[in-house]
Amino acid sequence: MKEDFKKAKEFLLKDGIIAFKTDTVMGVGVNGLSKKAVKSLFDLKKRLYDKPIYLLAYSFEQIYEYACLIPQYALKLMKKFFPGSLTLIFNSQKKLYTTPLELGETIGVRIPNYPDLIEFLAYIEIPLLNTSANFSNELPLKTKEDVLKSFDKKVFFVEFEHEIEMLDISSTIVDATSHKPAIIREGAVKI
């Protein structure tokens, strides 16, 4: 598997798009430091440029590197639901292209509940911006074969050592940019 990890990292550093299983749904991701890579992902998915993608993180420390002004209630949510199916939106340090247009004012973050994926994220040491593997406004794809067929083999599929049964439900999204949380999307986690 480590050979796969190495190939995926090289692919990401060349502005490529990777695909992989998560604990929720199939995901696709790119190097968040590359405006070109982020644009390629949006164009591949036919995603509107004003719909940001989020950071799939492997640790609280990585989140602190890109987010700022994390309120106390958000820290409590992180401690309770990370790793897990919760995405929190914070004000950003403006280091990552969450859209193809500019460095994001805000950053969504999630730590997946899948040890193999966390190991991969730590290995690549690249801020992986992520979204579900699908075309915009369509249901997430369910298998590796569906992903490779739908995206015409324009993605590198990362294999993990251990299988996981995906929830087939997207993460819950909570806006944590103000003094109280606001649920943006109801998903796998009930708050």
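Residues numbered from 1 in each chain as written. Predicted model: local features only at pLDDT ≥ 70, side-chain atom pairs only at ≥ 80, totals over all residues. Heavy atoms only, no water.

Caption draft 1: Representation of the pattern of salt bridges. Summed over the entire model, instances satisfying the criterion amount to seven salt bridges. Here glutamate 163 makes a salt bridge to lysine 21, at a shortest N to O gap of 2.5 Å. Here lysine 21 lies in the loop between β1 (17-20) and β2 (27-31) and glutamate 163 lies in the loop between β8 (155-157) and β9 (172-175), a separation of 142 residues in the sequence. In this structure, aspartate 43 engages lysine 39 in a salt bridge whose closest nitrogen and oxygen atoms are separated by 2.7 Å. Of this pair, aspartate 43 and lysine 39 both sit in helix α2 (residues 35-45), four residues apart, which is roughly one turn of the helix. (Salt bridge = Lys/Arg side-chain N within 4 Å of Asp/Glu carboxyl O. Helix = DSSP H or I, 4+ residues; strand = E, 2+ residues; numbered from the N terminus.)

Caption draft 2: Highlighting helix α5 (residues 115-124). Residues Asp116, Leu117, Phe120, Leu121 and Ile124 constitute the buried set of α5. Buried residues of α5, viewed axially, fall in a sector of 140 degrees; they line one side. Contacts made by the buried residues of α5 are with α1 (2-13), β1, β3 (54-56) and β7 (128-132). Just past α5, the residue glutamate 125 takes up positive phi, approximately 55 degrees. (Buried < 20%, exposed > 50% of the residue type's maximum accessible area, 1.4 Å probe, protein only. Arc of directions from axis to C-beta. Contact = heavy atoms within 4.5 Å.)

Caption draft 3: Just the pairing of strand β6 (residues 106-110), in detail. The buried count for β6 comes to four of five residues, which makes it a mostly enclosed element. Alignment of β3 against β6, held across two bridges, turns out to be parallel. When the bridges of β6 are listed, leucine 56 appears paired with arginine 110. (Pairing = 2+ DSSP bridges.)

Caption draft 4: Geometry of the packing of aromatic side chains. This structure, assessed with the given rule, holds 10 aromatic pairs. Plain terms: the ring middles of phenylalanine 5 and tyrosine 123 are 5.8 Å apart, the flat faces sit at 50 degrees to each other, and that makes the pair tilted. In this pair, phenylalanine 5 is assigned in helix α1 and tyrosine 123 in helix α5, connecting sequence segments 118 residues apart. Exposure remark for tyrosine 123: the relative accessible area of 32% places this residue in the partly exposed category. Arranged with centres 5.4 Å apart and planes meeting at 80 degrees, the rings of tyrosine 114 and phenylalanine 160 form a pair that is edge-to-face. On the criterion of sequence distance, the pair formed by tyrosine 114 in the loop between β6 and α5 and phenylalanine 160 in the loop between β8 and β9 is long-range, its members being 46 residues apart. On the basis of relative accessible area, tyrosine 114 is assigned to the buried category, the value being 3%. Connected via pairs of aromatic rings, a cluster forms that spans Phe5, Tyr114, Phe120, Tyr123 and Phe160. Cation over ring: arginine 47 sits above phenylalanine 42, and NZ or CZ is 5.6 Å from the ring centre. Over the ring of tyrosine 66 we find lysine 95, and its NZ or CZ is 5.8 Å from the ring centre. (Phe/Tyr/Trp six-rings, centres within 6.5 Å; stacked < 30°, edge-to-face > 60°. Lys NZ or Arg CZ within 6 Å of the ring centre and 35° of its normal.)

Caption draft 5: Structural detail: the side chain of aspartate 23. The topology assignment puts aspartate 23 in the loop between β1 and β2. Looking at aspartate 23, its side chain comes within polar contact range of the side chain of arginine 110, at 2.9 Å. The contacts of aspartate 23, once residues within four sequence positions are left out, are Gly84, Ser85, Arg110, Pro112, Asn113, Tyr114, Ile164, Glu165, Met166 and Leu167. (Polar contact = N/O pair within 3.5 Å; in protein donor to acceptor, adjacent residues only side chain to side chain.)

Caption draft 6: Fine view of the environment of lysine 94. Tracing the chain through its elements places lysine 94 in the loop between β5 (86-92) and β6. For the pair lysine 94 and alanine 67, spaced 27 residues apart in the sequence, the C-alpha separation amounts to 8.4 Å. Among residues more than four places away in sequence, those in contact with lysine 94 are Leu103, Gly104 and Glu105. A polar contact of 3.2 Å, which involves the side chain of lysine 94, links it to the side chain of glutamate 105.

Caption draft 7: Structural detail: the nonpolar core. Within the largest apolar cluster, 44 residues are counted, with the highest numbers of intra-cluster contacts made by Ile63, Leu88, Phe90, Val147 and Phe151. If you tally residues by element for this core, the top one is helix α4 (residues 72-81), at six residues. In contact with isoleucine 63, not counting residues within four places along its chain, are Ala57, Ile70, Met78, Phe82, Phe90, Val109 and Ile111. One finds Leu117, Phe120, Ile126 and Phe156 within the second-largest nonpolar core, a separate group that totals 18 residues. (Core = buried A, V, L, I, M, F, W, Y, C linked by side-chain atoms within 4.5 Å.)

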